[in-house]
Amino acid sequence: MIIIKLGGSAITDKGESYSFNKEIVARLAGEIKRANKKYIIIHGAGSFGHVTAEQFMLNEGLKDENQIIGFSLTHVTVRLLNLEIIDIFLKNGVRVFSIPPSSVMRLNDHQPLSFNYEIFEEALDKGFTPITFGDVVFDEKIGFSICSGDLLAEILAAHFKPEKVIFVIDEDGLYTSNPKIDKNARFIKSLKYSEIGEIGLERDEHPDVTGGMQGKVNVIKKICQKGIDCVLVNGRHENRLYNVILGEPTKATMVYGEKK
Ligand code: IP8
């Protein structure tokens, strides 16, 4: 089984609220179907979740009751994005079953507290492709907080021990520095997770309440420590995801897992 995280920046335009890239999602769904493996799919919130989440300071926890409407609104926006995505996946022949994190998990001060794996297991056993997404969730210590798609990848990878975890992003992979800012940034084809330092991780200007690239790299390190390989691939180029799923050569960054 393979876990695929479709990054919010690859499937939406983070610079424009509620912009959703139908063509890219349809092509990625087609590549996922064509590669014909067993998957769990996760997607980020992109321009659908982060703006409202930041406005209501949801990741800081429940501090005042005006935030409650913000929690509901943010949930609605990520659900709307999820509905668009599952519709496209179904049209491309992927038999998805949508599982909203807010209904199946709790955090404790941003860290995983409880998670209903059984619903994912049952969906996989019955031949569905479970699909879940970055969402607002209840939090034991701070009332509520946000579970990013990257944290979901970490939680699900630890439990299901997939063949690999693929992060579909809007860059070719990891660089020696941030290629959006630094013209001298060099592409990294493969590395061990222990070689990842503070590389290429400056935040860009768009709101990202869950840590952007730095958050993703922290999660990748944790997954790799469990002996699971992670791959970062650009979703905006045709067939790269397909090749990564099948382990064929293509432009992407491979981060090798190694048990600690
Ligand atoms: O885009 C964030 O998920 P991500 C979810 O995977 C919300 O970091 C609600 C902003």
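The paragraphs below set out a description of the structure included in this document. Because the structure is a prediction, the values reported are computed rather than measured.

Considering the pairing of strand 13 (residues 229-234)
Then, number 1: Within strand 13, five of the six residues are buried, which leaves it mostly tucked inside the rest of the structure.
Then, number 2: In the sheet, strand 9 (residues 164-169) pairs with strand 13 via six bridges, with the strands oriented parallel. Its bridge partner lying in strand 13, Val168 is registered against Val233.
Then, number 3: Relative to strand 14 (residues 253-256), strand 13 runs antiparallel, the two sharing three bridges.

Some remarks on the environment of Pro130
Then, number 1: The topology assignment puts Pro130 in strand 6 (residues 129-133).
Then, number 2: Taking the relative accessible area as the measure of exposure, Pro130 reaches 0% and is therefore buried.
Then, number 3: Residues Pro130 and Ile119 lie eleven residues apart in sequence; the distance between their C-alpha atoms is 8.9 Å.
Then, number 4: Once residues lying within four places of it in the same chain are set aside, the contact partners of Pro130 are Tyr39, Ile40, Ile41, Phe97, Ile99, Phe120, Ala123 and Leu124.

A few points about the sheet that holds strand 1 (residues 2-6)
Then, number 1: Within the open sheet, the eight strands sit side by side as 3-6-2-1-9-13-14-12. Their pairing is mixed. Two strands lie at the open edges of the sheet, namely strand 3 (96-98) and strand 12 (190-192), each paired on one side alone. Taken over all neighbouring pairs, the strand axes of this sheet differ in orientation by 20° on average, direction set aside.
Then, number 2: Across the face of the sheet, helix 2 (residues 22-35) comes into contact with strand 1, strand 2 (39-43) and strand 9 while running at roughly 165° to strand 2.
Then, number 3: Helix 4 (residues 67-91) rests against strand 1, strand 2, strand 3 and strand 6 of the sheet, and its axis sits at about 155° to strand 6.

What counts and how
- Residues numbered from 1 in each chain as written.
- Predicted model: local features only at pLDDT ≥ 70, side-chain atom pairs only at ≥ 80, totals over all residues.
- Heavy atoms only, no water.
- Buried < 20%, exposed > 50% of the residue type's maximum accessible area, 1.4 Å probe, protein only.
- Helix = DSSP H or I, 4+ residues; strand = E, 2+ residues; numbered from the N terminus.
- Pairing = 2+ DSSP bridges.
- Contact = heavy atoms within 4.5 Å.
- Axes fitted to C-alpha atoms, helices over the stretch in contact; angles between N-to-C directions.

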